[in-house]
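# Examination of the molecular architecture
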Amino acid sequence: HFDYSKEHADCSNILHCQEDVVVDEFLAPILRFKNRILKSNPTAHLFYIHGLSNEACVKAKDNNLSMVVGYGAGDPASYTCKLWMKDLLIYTCQQYGWHSYEGKAGGKHSAWAKNNICQYFRKWHLDPRINSMQLEIIYDLRNSKSKAQLCGECLGGFIEDVVTASHWDSPKNFKPKKF
């Protein structure tokens, strides 16, 4: 629950994002940004960046885990982007040594839950022109100012590959791991 007295909100939760202060400081700027993009582009891409604890590496049995990409996998699926976009992002990350996974269907990092902010333009205010992904970045890639800066620069390059592509055919042997 949103706690006004402690000024704590979960900005991944659409219900929290509709509270007065949170809508003004978080959701409204996203909506303005989306509207500006759509004035000059047929689609908009939104990337919600989250943190992932180092303990996730243990769970994944991958000490080099870098990122998990949520895109609305679940039952029923509520994809927040075209599947090739998610695949291209993961593939590009992997080409640069980032061990990147997709969120397993209905899992904690899938960005599938109705109240997940990534679902805003699918389950709340339908707009198929919006493609969004939830990016869970492991703590080790952002635990210092210099690492966070490098992480952001790398991520920006990976995202640029996705937003500038009009389609992508994955290699036949490419199959993202699920987390």
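Here is what the cut-offs are and how they apply
- Going along each chain's sequence as written, the residues are numbered from 1 onward.
- Since the coordinates come from a predicted model, pLDDT governs what is reported: local features require at least 70, and pairs of side-chain atoms require 80 or more to be given and counted, while whole-chain, interface and lining totals use all residues.
- Side-chain metrics rest on all non-hydrogen atoms present in the structure, leaving aside hydrogens and water.
- Two strands make a pair as long as DSSP finds a minimum of two bridges between them.
- Secondary structure elements follow DSSP: runs of H or I no shorter than four residues count as helices, runs of E no shorter than two count as strands, and numbering proceeds from the N terminus.
- In this analysis, axes come from line fits to C-alpha atoms, helices being fitted only over the stretch in contact, and the angle between any two N-to-C directions falls in the range 0 to 180 degrees.
- What makes two residues a contact is simply this: any of their non-hydrogen atoms within 4.5 Å.
- Stacked, tilted and edge-to-face are the three classes applied to pairs of Phe, Tyr and Trp rings, where Trp contributes its six-membered ring and a pair requires centres within 6.5 Å; stacked means planes under 30 degrees apart, edge-to-face means over 60, and tilted covers the rest.
- A simple rule labels every residue: compare its accessible area, found with a 1.4 Å probe on the protein chains alone, to the largest value its type can have, and call it buried under 20%, exposed over 50%, or partly exposed in between.
- One less than the residue count of a helix, multiplied by 1.5 Å, gives the span that helix is expected to have.
- Bend is computed residue by residue as the angle between axes fitted to the seven residues ending at the residue and the seven residues starting at it.

On to the sheet that holds strand β3 (residues 99–102), then. Working definition: the strands of a sheet are paired by backbone hydrogen bonds and lie parallel or antiparallel to each other. Spatially, β1-β4-β2-β3 is the arrangement adopted by the four strands of the open sheet, whose pairing is mixed. In the strand order of this sheet, the two ends are held by β1 (44–52) and β3, each with one partner. Strand-to-strand twist across the sheet, computed as the mean angle between neighbouring axes with direction ignored, equals 25°. Where strand β2 (residues 65–70) lies against β3, four bridges are found, and the strand directions are parallel. Bridging across to β3, Val68 finds its partner in Tyr101. Sheet contacts for helix α4 (residues 83–95): β1, β2, β3 and β4 (130–138); angle to β3, the most-contacted strand, approximately 160°. Contacts from helix α6 (residues 145–163) reach β1, β2 and β4, with the element oriented near 150° to β4.

Let us look at the packing of aromatic side chains. Applying the stated criterion across every chain yields a total of eight aromatic pairs. Summarising the aromatic geometry, the rings of Tyr91 and Trp168 are spaced 5.2 Å apart at their centres and angled 45° between planes, so their arrangement reads as tilted. Within this pair, whereas Tyr91 is found in helix α4, its partner Trp168 is found in the segment after α6, the two being separated by 77 residues in sequence. Owing to a relative accessible area of 24%, Tyr91 belongs among the partly exposed residues under this scheme. According to the relative accessible area criterion, Trp168 is buried, its value standing at 19%. Ring geometry for Tyr120 against Phe121: centres 5.0 Å apart, planes inclined by 85°, an arrangement best described as edge-to-face. A residue is classified by how much of its surface remains accessible, and Tyr120, at 7% relative accessible area, is buried. A residue is classified by how much of its surface remains accessible, and Phe121, at 4% relative accessible area, is buried.

Turning our eyes to something else, we now look at helix α2 (residues 20–40). With 21 residues, α2 extends 30 Å from end C-alpha to end C-alpha; this agrees with the ideal 30 Å at 1.5 Å per step. Remark: the principal bend of α2, roughly 40°, maps to Leu27, with a proline, Pro29, within the next four residues. For α2, every residue scored as buried is listed here: Val22, Leu27, Ala28, Ile30, Lys34, Ile37 and Leu38. Looking at the buried positions of α2, the neighbouring elements they touch are α1 (14–17), β1, α5 (120–124) and β4.

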